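Notes for the structure review
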Amino acid sequence: MRTILAISSQVARGAVGLSVITPALQALGHQVIALPTVLLSNHSGHPNVAGQATDPELLQRMVDAIAANGWLGEIDTVLSGYLPSPAHVAFAAATVVRIRQQRPACRYVCDPVLGDDPKGLYIDKAAAADIRRLLLPLADILLPNRFELAWLSETSVMSAAEAITAARQLVPETVIATSIPTSAGSLLTIQIDASRATACEVARRSRIPNGTGDLLSALVAAEWQLGRAVAAIDAVLDASDGQDELQLTTANSAWTTTAPLQEMTLNSA
């Protein structure tokens, strides 16, 4: 069992941000300390939404209380997701540094929630720039989608080769890039480090519920291998077909036991 500090959004209805990260990790037997950066009725893809950002000063007081109770040094992994302002980014960076002072081996998994295709950037541009400036140097694993990888690297990412080149320009040792298009119309999830790149290929779906990136970040934080994680998400998407939210409960335990997808080596240079 790992103790994972997750910093991201929280919705009252649906399965995005902490509302999918927490139950997924708990289903796998991990302990989760969840800090919500924003509290919403539902994700913003629905016609109506209500809520507000959580004051970073409140989040800081929560971390201070966790530390005072002696729990900060128990954290094995920090996972960050939606950070809506520069102050939230600074809070996340300071928290990672603070935990590593007590537990140097603590891993940091950064899901840079900046935007997506076709909407583009959907957080404050200053916050996005601070994610690149403050969080990437701290991250062990970075989890951008195609749009985010292109934005962070300031290069074109329209193929697997371009994704590998872009990822190797960034600081984190490992980059797991999602939604990378192929000439056949399918999508790749590619795990890239300095000397190797492996990928899993899935069919492009016409419509998928929000939250798959959050679920992938949770599985990576749980140290699942790429093929197993991508297969699990595909199983959840099968169970969610026709629904407006990911259906972890409908999928029951099937997503945790589905056979891993085959990983293919794309580059070994």
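Refer to the structure above for everything that follows.
Predicted model only: the values in this text are computed from it and were never measured. (Residues numbered from 1 in each chain as written. Predicted model: local features only at pLDDT ≥ 70, side-chain atom pairs only at ≥ 80, totals over all residues. Heavy atoms only, no water.)

Bringing the packing of aromatic side chains into the picture now. Any aromatic ring pair is given by two values, namely how distant the centres are and how the planes are angled relative to each other. Taken as a whole and assessed by the stated rule, the structure comprises one aromatic pair. Note on tryptophan 224 and tryptophan 255: the rings are 6.2 Å apart at their centroids and 35 degrees apart in plane angle, and the pair reads as tilted. Of this pair, tryptophan 224 sits in the loop between helix 7 (212-221) and helix 8 (226-239) while tryptophan 255 is found in helix 10 (residues 254-257), placing the two residues 31 residues apart along the sequence. Residue classification places tryptophan 224 among the buried residues on the basis of a relative accessible area of 10%. Given the relative accessible area of 3%, tryptophan 255 is considered buried. The ring of tryptophan 224 has arginine 228 lying over it, and the distance from NZ or CZ to the ring centre is 3.6 Å. (Phe/Tyr/Trp six-rings, centres within 6.5 Å; stacked < 30°, edge-to-face > 60°. Helix = DSSP H or I, 4+ residues; strand = E, 2+ residues; numbered from the N terminus. Buried < 20%, exposed > 50% of the residue type's maximum accessible area, 1.4 Å probe, protein only. Lys NZ or Arg CZ within 6 Å of the ring centre and 35° of its normal.)

Turning next to the nonpolar core. Formed by 49 residues in total, the largest nonpolar core has its most connected members in Leu5, Ile7, Ile75, Val78, Leu135, Leu149 and Ile190. Examining the composition of this core, we find that six residues originate from one element, helix 3 (residues 86-102), more than from any other. Leucine 5 has contacts with Ile33, Leu35, Ile75, Thr77, Val78, Leu79, Thr95 and Ile99, leaving out every residue within four places of it along the chain. Formed by 37 residues, the second largest nonpolar core is a distinct cluster that contains Ile21, Cys200, Ala222 and Trp224. (Core = buried A, V, L, I, M, F, W, Y, C linked by side-chain atoms within 4.5 Å. Contact = heavy atoms within 4.5 Å.)

We now examine helix 7. Within helix 7, nine of the 10 residues are buried, which leaves the element mostly enclosed by the surrounding structure. All buried positions along helix 7 are accounted for by Thr212, Asp214, Leu215, Leu216, Ser217, Ala218, Leu219, Val220 and Ala221. Looking one or two places after helix 7, you find glutamate 223, whose phi comes out positive at around 70 degrees.

In terms of burial, strand 9 (residues 174-181) is largely enclosed, as seven of its eight residues are buried. Where strand 8 (residues 141-142) meets strand 9, two bridges bridge the pair, whose relative direction is parallel. Following the sheet pairing, isoleucine 141 is matched in strand 9 by threonine 174. In terms of strand pairing, strand 9 meets strand 10 (residues 187-192) through five bridges, oriented antiparallel. When the sheet's bridge partners are listed, isoleucine 176 is paired in strand 10 with glutamine 191. Where strand 9 hands over to strand 10, the hairpin turn is made up of five residues, of which glycine 185 adopts a positive phi near 95 degrees. (Pairing = 2+ DSSP bridges.)

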